[in-house]
Amino acid sequence: MLLEIDHLVVRYEKAVLINDISLGVDKGELVSLVGPNGAGKSTTLRAITGLVAWEREIKRRSTQGDILLEGRVTFDGERIDDVPAHEIVKRGLVLCPERRRPFRELTVSENLWAGAYLEKDKRRSKERLEKVYDLFPVLKDRSRQISGTLSGGEQQMLAIGRALMSEPKLLCIDEPSTGLSPLLRQEVFDKIMQLKGMGITILLVEQEVSTVFKMTTRNYVLSSGKIIAQGSGEELMENEVIRKTYLGL
Amino acid sequence: MNILISGLITGSMLALLAIGFSLIFGVARIINIAHTAFYMLAAYSIYYLSVRSGVNPLLSMLVAVVAVTVLGLLVYLFLIDPIREHEGAVLIATIALAMVFQEVVLLTFTGDYRTVDFLITGFFTVGGVKVFYQQMLTFGVVLLTLVALWLLLMKTKLGLAIRSMAEDREVANLMGMNESRLAMITMGISVALAGFTGAVLAPLTVLNPYMWMEPLIIMMAVVVLGGMGSIKGSFVAAFILGFTEAAVVFLIPKGAFLRGSVALTIMILVLLIRPEGLFGVAFEEER
Ligand SMILES: Nc1ncnc2c1ncn2[C@@H]1O[C@H](COP(=O)(O)OP(=O)(O)O)[C@@H](O)[C@H]1O
Ligand SMILES: [Mg+2]
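The notes below deal with the structure included here. Bear in mind the structure is a predicted one, so any value in this text is a computation, not a measurement. (Residues numbered from 1 in each chain as written. Chains lettered and ligands numbered in written order. Predicted model: local features only at pLDDT ≥ 70, side-chain atom pairs only at ≥ 80, totals over all residues. Heavy atoms only, no water.)

## A few points about helix α3 (residues 57-80) of chain B
All names here are of chain B.
Here comes step 1: An ideal rise of 1.5 Å per residue puts 34 Å on 24 residues; α3 measures up with 32 Å between its terminal C-alpha atoms.
Here comes step 2: Residues Ser60, Met61, Ala64, Val65, Val68, Thr69, Gly72, Val75, Tyr76 and Ile80 constitute the buried set of α3.
Here comes step 3: Looking at the buried side of α3, the elements it contacts are α2 (35-52), α4 (87-109) and α8 (179-201).
Here comes step 4: Backbone nitrogen of Leu58 and a side-chain oxygen of the N-cap are separated by 2.7 Å at the start of α3; the cap is Asn56. (Helix = DSSP H or I, 4+ residues; strand = E, 2+ residues; numbered from the N terminus. Expected span 1.5 Å × (residues − 1). Buried < 20%, exposed > 50% of the residue type's maximum accessible area, 1.4 Å probe, protein only. Contact = heavy atoms within 4.5 Å. Polar contact = N/O pair within 3.5 Å; in protein donor to acceptor, adjacent residues only side chain to side chain.)

This is how it looks when you write it as structure tokens:
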């Protein structure tokens, strides 16, 4: 397995956000993590990319409560649960965060360069930039525009492009289609399929379950911090209880 | 003309101070009240070196800036960094630090007013107004520094990281930017700017142990007017306030003491009418 999460627990004070989950993603897979709002999907992605530990550090330093973070996360054969957030991307794991979060005051191309921050070889970064522009031509057209002025769809493309600039082995994407028009959603999903076709391993968090289940190799259903089901899209859709109670379909 | 010259000089000086203050606030959310105290220390270091010890004035300036920067980094490492996430504590600690600097200066140099010689003497007159070469020199050097700073921020990888971190430190972390390292570097740049401002201003001003207070107030007004954390805002606001101040002094010659209160008034008005300032963005929650 490229990514293995083993008995992950996340607690903020008394609130249990993640309650002992284990999951894995194999090389080349497109795996989804779905579930109702507040299930803990984003927290899972934040935990594996070091952001929960980072937040814990801040809380401790400012003496504003504590976070409990337990479990083992292995990536590419190495444990990464105690690697600081800013070193995770070095290992080849990157998160395209919820709500896209481009650096709004920076231009489009500056955002992309920021994504390749750790690449010392400027030529290599430049090559990646061209690849991202090929994938998202709209970003090339708007390369000098301030990112805050982009439309939601463009910002999502930018956020994915920025994450790709680190040339990740595993790309985690948190709710890329949320807040977009149906047309743009489809475009985002097409791009994700294109990335999969290029051999990029993806862990995708989404609300748009019916579309996502057609794209993925495997899926995990998360609810109240627990994995309550997993399997192929078809298998999960066959299960009436899961379909109605947890996926709202 | 008088307003123009002193507005430009004060404005560019304020810009240097305010940008330095904004930088470290943006990157690490550190409100460094002692910022202008570093500026005072640099001015006094030059006085000590060039006037008392007879060291070459230019060399004194260089030594002063380097020494103040090193001191700033030590202060950061041992005082600020451990409490960095605790805004209230940082505020109190840096106020205390400024007081300590003030007392040290008071004990070492007494409260007497001190002056540092001009680097170049002489003046020319434009429209009946005396312009000292020293004023032009200071203005030129400050302007050059502002340009260099702009290039650093806009054209280098370090600048990109500083701007990214200032905007969204969580995402900056995801991109592999090391927060503590950047905060340290930014603190160095910030204090170096304060020291540099003190160094180039020293010949044009009168040194006393309380000289950090007034620029602190005006600098805060600049930062609030420009928008907390916005570098562009600090720049524009610095010149606005620089000219306002010069105009006040010019229009009410006896009212020079009003400068601080004008700045404070502007600051309060901005806070009431448009708290995010000219260019600031209303702070978004980090999550
Ligand atoms: N910083 C936080 N402090 C406390 N509780 C939080 C925090 N962030 C999220 N939560 C809570 O944790 C739960 C899981 O959140 P999240 O992982 O964002 O869910 P999802 O992404 O599946 O919608 C939610 O109930 C949310 O309210
Ligand atoms: Mg979420």
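Right, picking up where we left off after that structure.
## Points about the interface of chain B and chain A
Here comes step 1: Listed as interface residues are 27 residues of chain B and, on the opposing side, 33 residues of chain A.
Here comes step 2: Connecting chain B to chain A are five salt bridges.
Here comes step 3: Residue B:Glu170 pairs with A:Arg46 through a salt bridge whose shortest N-O separation is 2.6 Å.
Here comes step 4: Taken together, chain B and chain A are joined by twelve residue pairs in polar contact (both at pLDDT 80 or more).
Here comes step 5: Of all the elements in the fold, those that place two or more residues in the side of chain B that touches chain A are α6 (157-167) and α7 (169-174) of chain B.
Here comes step 6: Of the residues that constitute the side of chain B that touches chain A, the class distribution is nine nonpolar, five polar and 13 charged. (Salt bridge = Lys/Arg side-chain N within 4 Å of Asp/Glu carboxyl O. Nonpolar A, V, L, I, M, F, W, Y, C, P; charged D, E, K, R; others polar.)

## Focus: the pairing of strand β2 (residues 129-132) of chain B
Residues and elements named next belong to chain B.
Here comes step 1: Side-chain alternation along β2 places Val129 and Val131 on a buried face and Lys130 and Phe132 on a face that remains uncovered.
Here comes step 2: With four bridges connecting them, strand β1 (residues 123-126) and β2 associate as antiparallel partners. Counterpart to Phe124 in the pairing with β2 is Val131.
Here comes step 3: In this structure, the hairpin formed by β1 and β2 is closed by a connection of two residues, where Gly127 is found at a positive phi of approximately 55°. (Pairing = 2+ DSSP bridges.)

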